[in-house]
Structure formats: structure tokens, C-alpha cells
Amino acid sequence: MTFTSDSASTRFSQAFGIQTGDAVASTITVFQALSIDDQLAVLWYAYTEMGRSITPAATGAARLQLAEGLLNQIKQMSHAEQLQVMRDLAAKNNTQFSRSYGILSNNTKLAFWYELSELMVKGFVVPVPTDYKISRDGSQVLEALKVLDFGQQITVLRKVVADMGVDPLAD
Ligand code: 45D
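Now for a quick tour of the structure. (Residues numbered from 1 in each chain as written. Predicted model: local features only at pLDDT ≥ 70, side-chain atom pairs only at ≥ 80, totals over all residues. Heavy atoms only, no water.)

**Section: the overall build of the protein chain**
When you go through the protein chain residue by residue, the secondary structure sums to ten helices and zero strands. Counted from the first residue to the last, the protein chain has its helices and strands arranged as α-α-α-α-α-α-α-α-α-α. In the protein chain, which comprises 171 residues, the proportion classed as buried is 41%. Of the contacts formed within the protein chain by residues at least 6 apart in sequence, a portion of 79% connects residues at least 24 apart. Put simply, the protein chain shows about 9500 Å² of open surface, and 55% of that area lies on carbon and sulfur atoms. (Helix = DSSP H or I, 4+ residues; strand = E, 2+ residues; numbered from the N terminus. Buried < 20%, exposed > 50% of the residue type's maximum accessible area, 1.4 Å probe, protein only. Contact = heavy atoms within 4.5 Å. Areas by Shrake-Rupley, 256 points an atom, 1.4 Å probe, with all protein chains shown as cover.)

Here it is as C-alpha cells:
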């Protein structure tokens, strides 16, 4: 049998017998089934792998202005509070912070998480413990993410961060 395309995502799709669109959808589904801490850990490791491909210019300075108030609030918090805010976002807990996040556009939500990662690297935000061991489920989701192409990875990430927080205007 001859494969005309040999990209990692094509091989992944063929190995699992699914179309590429399904690979995006199934990665989102398995991500959202992870525990809250695993979700945060997967986002973090995704950023550390993708970070180099995302240019700060691409995230758009204008977008970040909308998230700047939230990022500044986080910078003032203790490490424990920072972690709680992130857990609240991922768990969709109905807090003031989650509601403020909820009104951002999807790309601004992505830019917000990107900037949070940058703040982690710079030491302003609680780091992932160096001895932290991601769960088996978490590392499987990371592997699924890795074989997607860049555009598909962004689609997955945009969807999962879009669903975080609380939309204050919904019902
Ligand atoms: O103690 O606007 C644990 C483009 C364990 C262009 C923990 C774009 C317990 C247009 C929970 C692990 C499309 C390129 C601690 C934008 C424990 C545009 C801590 C794309 C302490 C925006 C966990 C942008 C923590 C993209 C602190 C693709 C976890 C952006 C923190 C992608 C995790 C951004 C964080 C990503 C993850 C950001 C902050 C993937 C952030 C990830």
C-alpha cells in the first residue's frame, strides 16, 4: 500500500481510522474529559512545545489590552490565588474573574493564556512544580495534540480556552 501523504497527522489519522476533522474533535473531547489540573498541565506543556512557533506579534497587542486588566490582577495575587483563578477558569466556576474572562473573544482568551505562560516563564505566575508528573490521560492528550498540524492545534486550543470561564450573558 502506498501513502501519498506522510505527514504525522495523516499517519495518525490512518492509524486510528479517522478523518483529520475527527482528530481535532476527538482531541477536544478527550481534553475536556481530563481533570482540571491535567487540563492546566496539558495547556502548559502545549505552550512549552508550541511557544516558539507563536510569535508575540501574531497574538496581537490590541487584543491583549482587553485582557490586560485580568493579567494585572493575576500579577498582584499570591501563587495560591493564581492557581485558584486558573482552576476556576478551567472548572467554569462562577467567580467574578471567570465572568470577566467570559466576555473576551476567543482569540483574546487564547492570547490571555499565552500571556499567562509568558508571565510564568518570567516568574510572575506560579510555576508548574519541577517534579510534577502529568497523568497518563494527560500525556495521551498531549501526544494526540502533537501529531496535529499547527492550524489544527490552534483550533483545539482555541476551542478549549473558549469554553473556559463563565459567560455572564448566557441564560
Ligand atoms: O501545584 O490572536 C498544576 C494566533 C499541578 C494568532 C500546577 C493566536 C499542581 C491570532 C495544576 C499542574 C492564532 C497565532 C500547580 C492568537 C500545582 C491570535 C500549575 C494563537 C502549580 C492568540 C499549573 C495563540 C499551571 C496561541 C500554573 C496558539 C498551569 C496561544 C498554567 C496558545 C498553564 C497559548 C498555562 C497556550 C497555560 C497557553 C498558563 C497554549 C497556557 C497555555
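**Points about the nonpolar core**
Ranked by internal contacts, the top residues of the largest apolar core, which has 45 residues, are Tyr-101, Phe-112 and Trp-113. At the level of secondary structure, the elements contributing two or more residues to this core comprise helix 2 (20–32), helix 3 (36–50), helix 5 (61–76), helix 6 (79–91), helix 7 (96–102), helix 8 (106–121), helix 9 (136–146) and helix 10 (150–162). Not counting residues within four places of it along the chain, the set of residues in contact with Phe-112 comprises Leu-64, Ala-67, Leu-70, Leu-71, Ile-74, Leu-89, Phe-97 and Tyr-101. (Core = buried A, V, L, I, M, F, W, Y, C linked by side-chain atoms within 4.5 Å.)

**A closer look at the pattern of salt bridges**
Taken as a whole and judged by the stated rule, the model has four salt bridges. Ionic pairing is found between Glu-143 and Lys-146, a salt bridge with its closest N-O pair at 3.3 Å. Of this pair, Glu-143 and Lys-146 both sit in helix 9, separated by three residues, roughly a single helical turn. Glu-143 sits in the partly exposed class, given a relative accessible area of 45%. Assessed through its relative accessible area of 41%, Lys-146 is described here as partly exposed. The shortest N-O distance in the salt bridge between Asp-163 and Lys-159 comes to 3.2 Å. (Salt bridge = Lys/Arg side-chain N within 4 Å of Asp/Glu carboxyl O.)

**Some details on the packing of helix 3 against helix 10**
For the pair helix 3 and helix 10, interaxial distance at closest approach is 12 Å and the crossing angle is 150°. Classified by the angle their axes make, helix 3 and helix 10 are roughly antiparallel. For helix 3 against helix 10, the interelement crossing comes out left-handed. Each of Leu-43, Ala-46 and Met-50 in helix 3 lies in contact with helix 10, whose residues at this interface are Phe-150, Gln-153, Ile-154, Leu-157, Val-160 and Val-161. By residue class, the composition of the contact of helix 3 with helix 10 is eight nonpolar, one polar and no charged. (Axes fitted to C-alpha atoms, helices over the stretch in contact; angles between N-to-C directions. Parallel < 35°, antiparallel > 145°, perpendicular 65-115°, else oblique. Left-handed = near helix turned anticlockwise from the far one by under 90°. Nonpolar A, V, L, I, M, F, W, Y, C, P; charged D, E, K, R; others polar.)

**Things to note about the packing of aromatic side chains**
In the structure shown here, the tally under the stated rule is five aromatic pairs. Look at Tyr-101 and Phe-112: their rings are 5.4 Å apart centre to centre, the planes differ by 70°, and that puts the pair in the edge-to-face class. Placement of Tyr-101 in helix 7 and of Phe-112 in helix 8 is noted, with a sequence separation of eleven residues between them. Accessibility classification places Tyr-101 together with Phe-112 in one group, the buried group. (Phe/Tyr/Trp six-rings, centres within 6.5 Å; stacked < 30°, edge-to-face > 60°.)

**Remarks on the environment of Tyr-114**
Within the secondary structure layout, Tyr-114 lies in helix 8. When the C-alpha atoms of Tyr-114 and Leu-43 are compared, they prove to be 9.5 Å apart, with 71 residues separating the residues in sequence.

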